[in-house]
Amino acid sequence: MSATRKAVAGAERLVVKVGSSALTTAGNGLDVGRLNALVDAIAGRIAQGSQLVLVSSGAIGAGLAPLALGKRPRDLATQQAAASVGQLALAHAYAESFGRYSLTVGQVLLTSDDVVRRSHYRNAQRTFSRLLSLGAVPVVNENDTVATEEIRFGDNDRLAALVAHLVGADALVLLSDVDGLYDGDPRSGATRKITEVTGESDVDGIAVGMSSSGLGTGGMVSKLAAARTAAAAGIPVLLAAATDASRALTAADVGTAFASADSRLSARRFWLGYAAGTTGRLHLDDGAVTAVVRRRRSLLAAGIVGVDGDFQAGDVVELVSPAQRVVARGAVAFDASELPELIGRSTHELPEEQRREVVHADDLVPLAAHRASS
């Protein structure tokens, strides 16, 4: 067994994410049998001494049947209406199912604001910590009933990766209707299952498709992105089928395992790199990309060739390569209005009061794919 799988099997604190397609059906809504099977596996892991946070999709899917909706609605208002009905049904089903093991659940509804804003992030950390210390099982979902397009996570896979870092999880398990990562659409038949991902080169060029159920929002694209995010932050990840939940949470000998980076990002650096919203872009030349990605240096004005966005000093911006790839994120030290007259100029050419880094190395996080390939 790989070191990654051993880490998942032995994790003291786990985040488990389950997708809509694993819990609901378009025609009948919430499938209590599937939900009970998931809870059986989770309760077994808790009985072994682990703490566990469950990130559960399914609220919108659970609300379809009661509202006589034949398929997932596309407009936000109807999605929110379905979520308001389904979330209640989902929470009740979890409370009853975990109650079979005398386990108490606590519902935690989040919007991206709760992770993007530092003060909200700390409050969420305290809430999770207290729930776990009291022996409860936090059940997390995006707050679909109030989230707008501007503040949505977009999918619960990304939410799970953020929560895994927020709670200091030792591992993340992503459960869906697919039994692992393939090098193409597994429905085509001519694909290969990838069982171990040790670096970005293992997943370069992989074409991943959407879930076939029509109930979820993320598909394999978001699962791969979430696994990369968590692994880059130092958290091992297991991607497996929900029907294999018991094995995933015991021997961890199913699905695809993603090895974690050697060190875990601090809460601030994780927030900068993966959680914070961005308000602009700095376009870099090749030399600046090398400096900030390979050498972990600060970004200077001389390496910037263009500026997009309306931001203020302290805001988080994306750093973009000449190939238009986002290679890093960081907190900028200047307002957007100040930069046009500074870019491309060496530090000694600048007025004394402006001779500082545009993004200091301490406030800059190279992104996973570019750290691995550099």
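The structure presented is a predicted model; accordingly, all values stated were derived computationally and were not measured.

Student: It is not clear to me how the nonpolar core should be interpreted in this structure. Could you clarify?
Tutor: A general trend in soluble globular proteins is that nonpolar side chains are found buried together. Of all hydrophobic cores here, the largest spans 51 residues; its most connected members are Val15, Phe128, Val140, Val163, Leu172, Leu181 and Phe258. Sorting the residues of this core by element identifies strand 4 (51-56), strand 5 (105-110), helix 7 (118-133), helix 8 (156-166), strand 7 (171-176), helix 9 (219-232), strand 11 (237-241) and helix 11 (267-275) as the ones contributing at least two each. Residue-level mapping places this core at the junction of two domains, with at least three residues from each of domain 1 (3-269) and domain 2 (278-371). Once you skip the residues sitting within four places of it in the chain, valine 140 turns out to touch Val53, Leu54, Val55, Ser56, Val108, Leu110, Phe128, Leu159 and Val163. Residues Leu52, Leu103, Val173 and Ala257 belong to the second largest nonpolar core, which totals 38 residues.

Student: Quick question: what am I supposed to make of the UniProt feature "binding site: substrate" (unreviewed entry) in the chain here?
Tutor: The sites that UniProt annotates as "binding site: substrate" (unreviewed entry) are Ser57, Asp144 and Asn156. By secondary structure assignment, the location of serine 57 is in the loop between strand 4 and helix 4 (59-64). With a relative accessible area of 9%, serine 57 lands in the buried category.

Student: It is not clear to me how the side chain of serine 321 should be interpreted in this structure. Could you clarify?
Tutor: Along the polypeptide, serine 321 turns up in the loop between strand 15 (316-320) and strand 16 (326-331). Among all residues touching serine 321, those that are not within four sequence positions of it are Leu284, Val289 and Val327.

Student: When you look at the pairing of strand 16 in this model, what are you seeing that I'm missing?
Tutor: It is a general feature of regular strands that their side chains alternate between the two faces of the sheet. In terms of burial, strand 16 is a largely internal element, five of the six residues being buried. Summarising the sheet, strand 15 and strand 16 pair through five bridges and their orientation is antiparallel. Among the inter-strand pairings, valine 320 is bridged to a residue of strand 16, identified as valine 326. From the end of strand 15 to the start of strand 16, which pair antiparallel, there are five residues, and glutamine 324 there has a positive phi angle of about 65 degrees. As defined by bridge partners, strand 16 adjoins strand 17 (residues 364-366) across three bridges and the pair is classed as antiparallel. Each residue of the ladder has a partner; that of arginine 329, found in strand 17, is valine 365.

Student: What is the right way to read the packing of helix 3 (residues 32-47) against helix 5 (residues 76-99) from this model?
Tutor: Each pair of packed helices gets described by two things: the angle between the helix axes and the distance between those axes. Interhelical geometry of helix 3 versus helix 5 gives an angle of 50 degrees and a closest axis separation of 10 Å. The orientation of helix 3 with respect to helix 5, classified from their angle, is oblique. Note on packing geometry: the crossing formed by helix 3 with helix 5 is right-handed. Contacts between helix 3 and helix 5 involve Leu35, Asn36, Leu38, Val39 and Ile42 on the former and, on the latter, Leu90, Ala93, Tyr94, Ser97 and Phe98. Tallied by class, residues from the contact of helix 3 with helix 5 come to eight nonpolar, two polar and no charged.

Student: It is not clear to me how the pattern of salt bridges should be interpreted in this structure. Could you clarify?
Tutor: Opposite charge on two side chains makes pairing possible when the charged atoms of those side chains draw close. Under the defined criterion, the tally for this structure stands at 10 salt bridges. Note that aspartate 157 and lysine 17 form a salt bridge whose closest N and O atoms lie 3.1 Å from each other. Within this pair, whereas aspartate 157 is found in helix 8, its partner lysine 17 is found in strand 1 (residues 13-18), the two being separated by 140 residues in sequence. Accessibility classification places aspartate 157 together with lysine 17 in one group, the buried group.

Student: Where do I start with the sheet that holds strand 1 in this structure?
Tutor: Strand pairing in a sheet relies on backbone hydrogen bonds, with the paired strands running either antiparallel or parallel. Strand order across the open sheet formed by eight strands is 5-6-4-1-7-11-12-10, with mixed pairing between neighbours. Of all strands in the sheet, those bounded by a partner on one side alone are strand 5 and strand 10 (196-197). Of the strand pairs in this sheet, strand 4 and strand 6 (residues 137-142) are connected by two bridges, and their pairing is parallel. The residue bridging valine 55 from the neighbouring strand is valine 140, located in strand 6. Seen against the sheet, helix 1 (residues 3-10) touches strand 1, strand 7, strand 10, strand 11 and strand 12 (256-258) and runs at an angle of roughly 90 degrees to strand 12. The sheet contacts of helix 3 involve strand 1, strand 4, strand 6 and strand 7, and relative to strand 4 the element is tilted by about 160 degrees.

Student: Would you mind showing me how to read the packing of aromatic side chains here?
Tutor: Remark: the centre distance and the inter-plane angle together describe each pair of aromatic rings, the angle taken between the planes. Evaluation of the coordinates by the stated rule reveals two aromatic pairs. Ring geometry for tyrosine 94 against phenylalanine 98: centres 6.2 Å apart, planes inclined by 35 degrees, an arrangement best described as tilted. Linking tyrosine 94 with phenylalanine 98, this pair stays in helix 5, spanning four residues, or about one helical turn. With respect to class, tyrosine 94 is no different from phenylalanine 98; both count as buried. Sitting over the ring of phenylalanine 334, arginine 356 keeps its end group 3.9 Å from the ring centre.

Student: Help me out: how do you make sense of the UniProt feature "binding site: ATP" (unreviewed entry) in the chain in this one?
Tutor: The sites that UniProt annotates as "binding site: ATP" (unreviewed entry) are Lys17, Ser176, Asp177, Thr217, Gly218, Gly219, Met220, Val221, Ser222 and Lys223. Counting through the fold element by element, aspartate 177 comes out in the loop between strand 7 and strand 8 (181-182). Here serine 21 takes part through its side chain, which lies 3.4 Å from a polar atom of the side chain of aspartate 177.

Student: I tried to follow the sheet that holds strand 13 (residues 280-284) on my own but got confused; where do I start?
Tutor: Read across the open sheet, the five strands follow the order 14-13-15-16-17; overall the sheet is mixed. Edge strands, defined here as strands with exactly one partner in the open sheet, are strand 14 (304-309) and strand 17. Sheet twist, expressed as the mean angle between neighbouring strand axes with direction ignored, is 20 degrees. Each of strand 15, strand 16 and strand 17 is contacted by helix 11, which is oriented at about 130 degrees to strand 16, the strand it contacts most. Here helix 12 (residues 286-294) sits on the sheet and contacts strand 13, strand 16 and strand 17; the angle it forms with strand 13, its principal contact strand, is near 110 degrees.

Cut-offs and rules
- Residues numbered from 1 in each chain as written.
- Predicted model: local features only at pLDDT ≥ 70, side-chain atom pairs only at ≥ 80, totals over all residues.
- Heavy atoms only, no water.
- Core = buried A, V, L, I, M, F, W, Y, C linked by side-chain atoms within 4.5 Å.
- Buried < 20%, exposed > 50% of the residue type's maximum accessible area, 1.4 Å probe, protein only.
- Helix = DSSP H or I, 4+ residues; strand = E, 2+ residues; numbered from the N terminus.
- Domains from an automatic or database assignment.
- Contact = heavy atoms within 4.5 Å.
- UniProt positions renumbered as here; feature names shortened; annotations may be inferred.
- Pairing = 2+ DSSP bridges.
- Axes fitted to C-alpha atoms, helices over the stretch in contact; angles between N-to-C directions.
- Parallel < 35°, antiparallel > 145°, perpendicular 65-115°, else oblique.
- Left-handed = near helix turned anticlockwise from the far one by under 90°.
- Nonpolar A, V, L, I, M, F, W, Y, C, P; charged D, E, K, R; others polar.
- Salt bridge = Lys/Arg side-chain N within 4 Å of Asp/Glu carboxyl O.
- Phe/Tyr/Trp six-rings, centres within 6.5 Å; stacked < 30°, edge-to-face > 60°.
- Lys NZ or Arg CZ within 6 Å of the ring centre and 35° of its normal.
- Polar contact = N/O pair within 3.5 Å; in protein donor to acceptor, adjacent residues only side chain to side chain.

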